[in-house]
Amino acid sequence: MRPCFLVLGYGIPRNILTDENYRMYLKCVFNHIFAWCVEQDIWNPVIIFSGGKTDMVKPYRRTEAGEMVKLFRTLMGRSAVKRHARLWTLISETRAFSTLDNFLYAKDILRKRKIEMQSMIVFGEQTRLRRITVLARKIFKRSQVITIDFDQSPNRYLDPKFLTQKESEALRFDLVALQGQKALKKHRTLFKQKFAFLRQAGSDHHVEAVRLWWEKELQESLTA
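Quick notes on the rules
Residues numbered from 1 in each chain as written. Predicted model: local features only at pLDDT ≥ 70, side-chain atom pairs only at ≥ 80, totals over all residues. Heavy atoms only, no water. Axes fitted to C-alpha atoms, helices over the stretch in contact; angles between N-to-C directions. Helix = DSSP H or I, 4+ residues; strand = E, 2+ residues; numbered from the N terminus. Parallel < 35°, antiparallel > 145°, perpendicular 65-115°, else oblique. Left-handed = near helix turned anticlockwise from the far one by under 90°. Contact = heavy atoms within 4.5 Å. Nonpolar A, V, L, I, M, F, W, Y, C, P; charged D, E, K, R; others polar. 1 Å grid on protein atoms, 1.4 Å probe; cavity = no way out; pocket = protein on both sides within 12 Å on 5 of 7 lines; lining within 4 Å. Points joined across faces, edges and corners; volume = space filled by probe spheres on them. Buried < 20%, exposed > 50% of the residue type's maximum accessible area, 1.4 Å probe, protein only. Pairing = 2+ DSSP bridges. Phe/Tyr/Trp six-rings, centres within 6.5 Å; stacked < 30°, edge-to-face > 60°. Lys NZ or Arg CZ within 6 Å of the ring centre and 35° of its normal.

> What is the right way to read the packing of helix α3 (residues 99-112) against helix α4 (residues 129-139) from this model?
When two helices pack together, their arrangement is given by the angle between their axes and by how far apart the axes lie. The contact between α3 and α4 brings their axes to 10 Å, and the two run at 25 degrees. Put simply, α3 runs roughly parallel to α4. The two elements α3 and α4 cross, and the hand of that crossing is right-handed. Residues T99, L100, F103, L104 and K107 of α3 form the contact with α4, whose own contacting residues are R131, I132, L135, A136 and I139. Considering only residue class, the contact of α3 with α4 consists of seven nonpolar, one polar and two charged.

Right, here's the structure in full:
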């Protein structure tokens, strides 16, 4: 059995190697994993980076997972830690368009690769704590959630009431999707449409587009 870590993705910057948010996020993730390995004296973790083709820059080929791995490998290659991280296994999960899919596709990877999970530690963004925790408990038997307040973008500073409502409604979407394949298919279609909407809005209006999309979904859910 091997310790497993799941790193949730949050968009794709133009250059992840210099992006302030992702560097803060993945440096904290690295240190948490390193500290866990030191404490447990186990040095062969499986680290799954999850996130699909959410690129906002044409031709939209990059994935969150692929970009995160690119940055994380530079952190692993530092002289002070290189020998300690040589047995770390990095896996890219590149299909997910939502937090729910981050979990489901990661679990699918473990099953297909026949990796026996000792435990699952999930890393995510601070404002998503409750939703991530609920999903982790439902999908993995032995899980722990660590959230990091790394986001310095305007999205982090939206109205707290809106953020709370958005997360509550997103969790409701997720739990409904877990009720069957038809509901899950609808959920996946919805989130693919979200990224089509954001691309159409353009990078200059990204924050406003995120808010507008969620306000629309929240309003529709109240009148459904």
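> Help me out: how do you make sense of the layout of surface pockets in this one?
Once rolled over the atoms, a probe with the size of a water molecule shows which space is left empty. In this structure, the largest pocket spans a volume of roughly 1,100 Å³. Lining the largest pocket are 44 residues, and of these Y10, G11, I12, N155 and H206 lie nearest its centre. Where the lining of the largest pocket is concerned, the elements lending two or more residues are α1 (20-40), α3, α5 (160-177), α6 (181-201) and α7 (206-223). A class-by-class count of the residues in the lining of the largest pocket yields 20 nonpolar, 13 polar and eleven charged.

> How do you make sense of the pairing of strand β2 (residues 46-50) when you look at a structure like this?
In regular strands, side chains alternate between the two faces of the sheet. Burial runs high along β2: five of the five residues are buried. Of the two faces of β2, the one holding V46, I48 and S50 and the one holding I47 and F49 are both buried throughout. Alignment of strand β1 (residues 2-8) against β2, held across five bridges, turns out to be parallel. Residue pairing across strands places C4 opposite V46, the latter belonging to β2.

> For this particular structure, what's the right way to read the packing of aromatic side chains?
To describe a pair of aromatic rings, you give the distance between the ring centres and the angle between the ring planes. Per the counting criterion, the structure on display carries 18 aromatic pairs. For the pair Y25 and F150, a centre-to-centre distance of 4.3 Å together with 20 degrees between the ring planes defines the contact as stacked. Of this pair, Y25 sits in helix α1 while F150 sits in the loop between β5 (143-148) and α5, and the two are 125 residues apart along the sequence. Neither Y25 nor F150 differs from the other in exposure class; each is buried. Between F173 and W214, the aromatic rings sit 6.2 Å apart at their centres with planes inclined by 15 degrees, giving stacked as the arrangement. Here the residue F173 occupies a position in helix α5, and W214 occupies one in helix α7, the gap between them amounting to 41 residues. The ring of W213 carries the charged tip of K194 above its face, separated from the ring centre by 5.6 Å. Positioned above the aromatic ring of Y60, the side-chain terminus of R199 is 4.4 Å from the ring centre.

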